[in-house]
Amino acid sequence: MNVEKKVQDLLSNLGVKLVDYKGSDLKVHSPINGSLIAELALDTQATLDKKIEDAAKAFKVWRRVPAPKRGELVRIFGNILRDHKEELSQLVTIECGKIIEEGRGEVQEMIDICDFAVGLSRQLYGLTIASERPNHVMHENWHPLGVVGIISAFNFPVAVWAWNACLAFVCGDTAIWKPSEKTPLTALAVQSLFEQACQEFGDVPEGLSSVVLGERTIGEQLVVDPRVALISATGSTRMGAQVGPKVAARFGKSLLELGGNNAIVVSQHADLDVALPSILFGAVGTAGQRCTSSRRVFVHKSIADKLFNTLKKAYSGLSLKIGNPLDGKTLIGPLIDEESFNTMQSSIAAAKDQGGEVFQGQRHPLEDLKGGFYVNPALVRMSNQTQIVCHETFAPILYVMEYESLEEVMDRHNEVPQGLSSTIFTTNLQEAEYFKQFSDCGITNVNIGTSGAEIGGAFGGEKETGGGRESGSDAWKNYMRRQTSTTYYGKDAPALAQGIRFDI
Ligand code: UN1
């Protein structure tokens, strides 16, 4: 398969002139077969500085455009995405390796957040608060925030930007996007589609949206620059632990979306026909490379053998479904790269050392896609939640453990440092409610898997997951500045709050 040629065709259909970005700094490979698909020049300190300056200037203009009008730009962009959904989905699949069905799902997630943002552009509202003083009124106003720096990860190379950027644009902000070095082409393609939307809209300030390509130093420059009001960063806990303090040190705002170590509790009251497909999608979908992927299963001891054997059977059948992610019949594509494969192998070795019974997890060589790192997803039965189980490995490894009572298992469920997503499978209402009360995660589901959240809810989690909330609900408030305003409309000398008298 000539991936490079396909990439060139897709990029030109998406309006990207690759020659404009050509260079020798960054080699981009497709995880499908390891082939080189582009060589790009990276931004320098000076070009990033200019982009930040332009974004700051554009903010001064964009913030004055009425919000519903700003929504109109996002509406146009959503329609352009609809028109180019298939090409962009294919590019996502080629660049990050997720199966085409999930590539389409990711672009659909962008379209969904556009729709959400358009509606929101007429619903950015604050509160009226009762004042303790006569003839006073208190309001909460929301104002545009400024330049938003978006740092995104390889596994959702376009949707996570859209969650942030589409809300930021309707909120009156401007955005600078630093995509993962592993997936720069999808970012360039999205930027090109966004520029087409700007052209159709007309009169958009230059610098409203830009992409910056670079490695860590460029990311750091963006993070420490005081002109960037908010840094929204998605990626590893290690990355977040560096970004958070740096932004805080300059009193900037940060929104962190970091690691997950998501667990599923399968109760003795579960409907296993409902549970099984969700466990499989959560654990092996996207080759285990979602921050919401299912990594731990706690199964009630009365059904533990039954579930483990059923999972084992399902896992052995998966090898037929591993393959080229562009092929509609494939369910499991490659890992992003060799490093990721090596990390998976060392986690499996650690699990064995720590008493795990490991089923599968080896490389799955594919004759025609030799340079890709395809694996048979691993199933590991553990008697204890050891150190490796508490660690997030970004690969398809599912640890299965037993439990006796829901009260007891919630402590183990919450014992890991991450707190993103969690699920219980049960038909018992009391168990479902108990689980929701005591799961410490930002997302807690009943009878659906840990991954695949809709955009309408706030997305994010607690503890090492970073505490941020993106996408739906009131996540838009991250992209605006809150202002409390008290107005006195009386004619006498105004009263002071707290009953203080200050008679002159
Ligand atoms: C991510 O893995 O960083 O809930 C985002 C999900 C997707 C988003 C995942 N809607 O699995």
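Parameters and conventions
Residues numbered from 1 in each chain as written. Predicted model: local features only at pLDDT ≥ 70, side-chain atom pairs only at ≥ 80, totals over all residues. Core = buried A, V, L, I, M, F, W, Y, C linked by C-beta atoms within 7 Å. Buried ≥ 20, exposed ≤ 12 C-beta atoms within 10 Å, placed from the backbone. Contact = placed C-beta atoms within 7 Å. Pairing = 2+ DSSP bridges. Helix = DSSP H or I, 4+ residues; strand = E, 2+ residues; numbered from the N terminus. Near = placed C-beta within 6 Å. Domains from an automatic or database assignment. Expected span 1.5 Å × (residues − 1). Axes fitted to C-alpha atoms, helices over the stretch in contact; angles between N-to-C directions. Parallel < 35°, antiparallel > 145°, perpendicular 65-115°, else oblique. Left-handed = near helix turned anticlockwise from the far one by under 90°. Nonpolar A, V, L, I, M, F, W, Y, C, P; charged D, E, K, R; others polar.

Novice: How should the nonpolar core be read in this particular structure?
Specialist: Proteins that are soluble and globular tend to have nonpolar side chains buried together. In terms of nonpolar packing, the biggest core is built from 135 residues, with Cys 114, Ala 117, Cys 166, Leu 167, Ala 189 and Val 400 touching the most fellow members. Once you skip the residues sitting within four places of it in the chain, Cys 166 turns out to touch Val 74, Ile 113, Cys 114 and Ala 117. Core analysis: the next-biggest nonpolar cluster, separate from the first, contains 6 residues, Cys 291, Leu 420, Cys 441 and Phe 459 among them.

Novice: Looking at this model, I keep getting lost on the pairing of strand 4 (residues 136-144). Mind explaining?
Specialist: Taken residue by residue, a regular strand's side chains alternate between the two faces of the sheet. Here 2 bridges tie strand 3 (residues 128-129) to strand 4, and the two strands are oriented antiparallel to one another. Looking across to strand 4, one finds that Ile 129 is bridged to Met 138. The hairpin formed by strand 3 and strand 4 contains 6 residues between the paired strands, and Asn 135 there has a positive phi angle of roughly 60°.

Novice: What's the story with the environment of Val 375 in this structure? I'm lost.
Specialist: As for its placement among the helices and strands, Val 375 is situated in the loop between strand 12 (357-359) and strand 13 (378-381). The class of Val 375 is buried, set by 25 C-beta atoms lying within 10 Å. In sequence terms Val 375 and Gly 361 are 14 residues apart; their C-alpha atoms lie 6.2 Å from each other. Sequence-distant contacts of Val 375, defined by excluding residues within four places in its chain, comprise Leu 335, Phe 341, Met 344, Gly 361, Gln 362, Arg 363, His 364 and Pro 396.

Novice: In this structure, what is going on with the site of the ligand? I would like to understand it.
Specialist: Taken together, the neighbourhood of the ligand is formed by Glu 109, Asn 155, Phe 156, Val 160, Thr 234, Arg 290, Cys 291, Thr 292, Ser 451, Gly 452 and Ala 453. Viewed by domain, the shell around the ligand spans two of them, domain 1 (10-258 + 466-483) and domain 2 (262-446), each represented by three or more residues.

Novice: Please clarify how helix 4 (residues 85-96) should be interpreted in this entry.
Specialist: In an α-helix, one full turn covers 3.6 residues, which means residues spaced three or four apart are oriented alike. Across its 12 residues, helix 4 extends 16 Å between first and last C-alpha, which sits within 8% of the 16 Å expected from 1.5 Å per residue. When helix 4 is considered as a whole, its buried residues turn out to be Leu 88, Ser 89, Gln 90, Leu 91, Val 92, Thr 93, Ile 94, Glu 95 and Cys 96. As for helix 4, its buried residues are in contact with helix 1 (3-13), strand 2 (36-40), helix 5 (100-120) and helix 7 (184-201).

Novice: Would you mind showing me how to read the sheet that holds strand 3 here?
Specialist: Strands belonging to one sheet form pairs held by backbone hydrogen bonds; the direction of such a pair is parallel or antiparallel. Pairing is antiparallel across the open sheet formed by 3 strands, whose spatial order is 3-4-21. Only two strands of the sheet have a single partner each, and these edge strands are strand 3 and strand 21 (480-488). The sheet contact formed by strand 4 and strand 21 spans 9 bridges and is antiparallel. Within strand 21, the residue paired with Met 138 across the bridge is Thr 486.

Novice: Please clarify how the domain arrangement of the chain should be interpreted in this entry.
Specialist: Often, the extent of an interface is quoted as the loss of accessible area on bringing the components together. Entries for the chain in the domain assignment read domain 1 (10-258 + 466-483) and domain 2 (262-446). In this structure, domain 1 and domain 2 have C-alpha centres spaced 31 Å apart. Contact residues are listed per partner, giving 16 residues for domain 1 and 20 residues for domain 2. Breaking the side of domain 1 that touches domain 2 down by element, the ones donating at least two residues are helix 4 and helix 5. Counting residues per element, the side of domain 1 that touches domain 2 draws most heavily on helix 4, which supplies 3 residues.

Novice: Would you mind showing me how to read the packing of helix 4 against helix 7 here?
Specialist: When two helices pack together, their arrangement is given by the angle between the helix axes and the distance between those axes. Interaxial distance between helix 4 and helix 7 falls to 9 Å at its minimum, and their mutual angle equals 160°. The orientation of helix 4 relative to helix 7 falls into the category roughly antiparallel. The hand of the helix 4/helix 7 crossing is left-handed. Within the contact between the two elements, helix 4 uses Leu 88, Leu 91, Val 92 and Glu 95 and helix 7 uses Leu 185, Thr 186 and Ala 189. Its residues assigned to classes, the contact of helix 4 with helix 7 comprises 5 nonpolar, 1 polar and 1 charged.

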